[in-house]
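An overview of the molecular structure
Each chain, written out:
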Amino acid sequence: MKRIAIIGSGPAGLMAAQAALEQGAHVSIYEAMPSAARKFLMAGKSGLNISHSEKVHQLLGRYDAPDGRLRAMVSAFNASDIREWMEALDEPSFVGSSGRIFPVAMKASPLLRKWLRKLAERGAELYTRHRWTGWTSEGLLSFSTQNGAVQVESDATILALGGKSWSRLGSDGQWAEILSQRGVYIDPFEPSNCGVEVGWSDRLLSQHEGAPVKSIALKMGDKKSRGDIVVTRHGIESGALYPVAADLRKELSSSGSATLLIDLVPDVRTDALAKRLASANSKDSMSNRLRKAARLDKVKVALVNEVTRGSPPGDASEIAALLKALPFTVSGTAPMDDAISTAGGVSWDALDEHLMLKAVPNTYCVGEMVSWDAPTGGYLLTACMAMGKAAGAAAAKAT
Ligand SMILES: Cc1cc2nc3c(=O)[nH]c(=O)nc-3n(C[C@H](O)[C@H](O)[C@H](O)COP(=O)(O)OP(=O)(O)OC[C@H]3O[C@@H](n4cnc5c(N)ncnc54)[C@H](O)[C@@H]3O)c2cc1C
C-alpha cells in the first residue's frame, strides 16, 4: 500500500486525502494546529460560500493563473462535483440569489465533522499538533510535536499548507522558507480579497467612519463590481472590492497608487442624471441638489465633497459624469494578515502538470500555497479542493 503523507488539514489537504484514499493509498494527515481546518471553519461563519453556479467557462474565467493547469483541474472538479460530494456527505447545498453555492446548514462545522469521519472510516489517520519543519538529511519528513521531534517516511507527500493570512488559524506562510532552501521559487505573497487604503480627510472620518455606502458600482481597469462599501479609518472595506482587487494590486505594485472609480448612481444613465441635475432648483446649495435631484444620501454627498475638496463643478453634465465615475486614489492594501486570501506562493514553474515539485520528487503542492488568485464567491474553496483532488489521485497512482 502506498503511504501518502498530507501536511495541512484545510480543504485542499482533506480533498487530497480523500482522492488518495479512493486510489487505495494509506493516508496520514499532519496538522500544526490542535484541530483540523480552522480557516475552513472561519469561512463557515459567513455561510461557507463553497462554489458558484455560473456556467463552467465563466467559473474558469475567474482564476488568475499563468497557464491552463489550474483551470483544467477546476474543470475536472467543478461546482456540480462539489455539490454531489456534499450530497454524498449528507450535507446538501443550495444556490443563493447571487448564484453562489452554500451548504443548507450555512456553516462549515457539520460538513467538516462528516468529512473527517468519512476519511477516518476509510483509514486516514489525523495527527494534530504536528508542525512540519522540513526534511532530514535522509529525506524523512520532520515534525515538531509536543513530545519532541518526530520523523516520518512516506512514498509521496502532499503539502497543503495554505497562504499567509489569518496566521492565528495556522496559515502563516512559514513553509516558504523551507521550500526556498530546496530551490523552489516562491512568488512574493500579496494580500488579496482585502480592504484598501484611501487617505480620508479628518472631516470625512469624523462624520462618516463606519458608514455604509449603499448600492454603488466599482470600476478598476476593465473589472467592475456592484454592491455596498464601508468607509473605514484606513480606507474602504467590502466584498464588492474583491472582484477588482487583483487589478488594483497590480496597478499598486507597478505605479505605487491606483485610481478606483465609484459610480454612486449605477442605475441611472449619465444623460438622464445630467437632465435631472439641470432641472434642479438653482437656488438650492449643490449638496441639496445632489440630495434631491441625484438622490444621494449624506455619505455619498460627503464623498463627492471629499473628492472635489468641497467645490463640485456647477455644470450639470460635468457633475453627472463625476457621480458616475468618482475617482479615489488608493495608496495601498489592508495588512496581509487581515486578507481573506493571499496571492503569491509556490511558482507554477516549480510544479509539473500534476502539481509535483520539480525540485523535490514525489512532493506535491496544493491549495492557496500555490501562486494563483481569484475573487471571493466560492472560487477559492473550489480551486483548493480541485487541486487537492488532482494531486491526491496523481500521488497515489504514481509509481
Ligand atoms: C474570514 C474568511 C472567510 C472566507 N470565506 C470564504 C468563502 O466564503 N469562500 C471561499 O471560497 N473562500 C473563503 N475563504 C478562503 C478559504 O478559506 C481559503 O482559501 C482556504 O481555506 C484555503 O485552503 P487551503 O487548504 O489551501 O489552506 P488552509 O485552509 O489555510 O489550510 C492550511 C492548513 O495547513 C496548516 N499548516 C500550515 N503550516 C503548517 C506546518 N508547517 N505544518 C503542519 N500544518 C501546517 C494550517 O494550520 C492549516 O490548517 C475565507 C477565508 C477567510 C479568512
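Just so you know, these numbers come straight off a predicted model, no measurement behind them.

Focus: the overall build of the chain
Across its full length, the chain holds 14 helices and 19 strands. The dimensions of the chain, computed from C-alpha atoms along their principal axes, are 85 × 40 × 35 Å. Among the 399 residues that make up the chain, the fraction classed as buried is 54%. At a minimum sequence separation of 6, the contacts of the chain that also span at least 24 residues come to 68%.

Quick look at the packing of helix H4 (residues 69-76) against helix H14 (residues 379-397)
When two helices pack together, their arrangement is captured by the angle between the axes and the distance separating the axes. Where H4 meets H14, the axes come as close as 8 Å, and the angle between the chain directions of the two elements is 90 degrees. Looking at the two axes, H4 sits roughly perpendicular to H14. Residues Leu70, Met73 and Val74 of H4 lie in contact with H14, whose contacting residues are Thr382, Ala383, Ala386, Met387 and Ala390. Among the residues making up the contact of H4 with H14, the classes are represented as seven nonpolar, one polar and no charged.

Looking at the site of the ligand
Near the ligand there are 30 residues, and of these Glu31, Asn49, Ser171, Glu368 and Leu381 occur at the shortest range. When the ligand is considered free in solution it has 1000 Å² of accessible area, and contact with the protein chains removes 96% of it. Breaking the shell around the ligand down by element, the ones donating at least two residues are helix H1 (11-22), helix H2 (38-43), strand S7 (131-135) and H14. Residues belonging to the shell around the ligand are distributed by class as follows: 16 nonpolar, 10 polar and four charged.

Looking at the pattern of salt bridges
By the definition in use, this model includes 17 salt bridges. Here Asp67 makes a salt bridge to Arg69, at a shortest N to O gap of 2.7 Å. Taking relative accessible area as the criterion, Asp67 reaches 28% and is therefore assigned partly exposed. Residue Asp271 pairs with Arg269 through a salt bridge whose shortest N-O separation is 2.7 Å. The class for Asp271 is partly exposed, based on a relative accessible area of 44%. Given a relative accessible area of 59%, Arg269 falls into the exposed group. Each of Glu22, Arg122 and Lys389 takes part in a single network of salt bridges with overlapping partners.

A closer look at the domain arrangement of the chain
The extent of an interface is frequently quoted as the accessible surface area lost upon association of the parts. Domain parsing of the chain yields domain 1 (3-191 + 339-397) and domain 2 (196-333). Here the C-alpha centroids of domain 1 and domain 2 sit 38 Å apart. Summed over both partners, the interface of domain 1 with domain 2 comes to about 590 Å²; 48% of that surface belongs to carbon and sulfur atoms. At the boundary of domain 1 and domain 2, one finds three salt bridges. Put simply, Asp373 and Arg249 hold a salt bridge, and the shortest N to O gap is 2.9 Å. Taken together, the connections running from domain 1 to domain 2 amount to three residue pairs in polar contact (both at pLDDT 80 or more). Taken together, the residues of the side of domain 1 that touches domain 2 sort by class into four nonpolar, one polar and three charged.

Rules of the game
- Residues numbered from 1 in each chain as written.
- Predicted model: local features only at pLDDT ≥ 70, side-chain atom pairs only at ≥ 80, totals over all residues.
- Heavy atoms only, no water.
- Helix = DSSP H or I, 4+ residues; strand = E, 2+ residues; numbered from the N terminus.
- Buried < 20%, exposed > 50% of the residue type's maximum accessible area, 1.4 Å probe, protein only.
- Contact = heavy atoms within 4.5 Å.
- Axes fitted to C-alpha atoms, helices over the stretch in contact; angles between N-to-C directions.
- Parallel < 35°, antiparallel > 145°, perpendicular 65-115°, else oblique.
- Nonpolar A, V, L, I, M, F, W, Y, C, P; charged D, E, K, R; others polar.
- Near = heavy atom within 4 Å.
- Areas by Shrake-Rupley, 256 points an atom, 1.4 Å probe, with all protein chains shown as cover.
- Salt bridge = Lys/Arg side-chain N within 4 Å of Asp/Glu carboxyl O.
- Domains from an automatic or database assignment.
- Buried area = accessible area lost by both parts, 1.4 Å probe.
- Polar contact = N/O pair within 3.5 Å; in protein donor to acceptor, adjacent residues only side chain to side chain.

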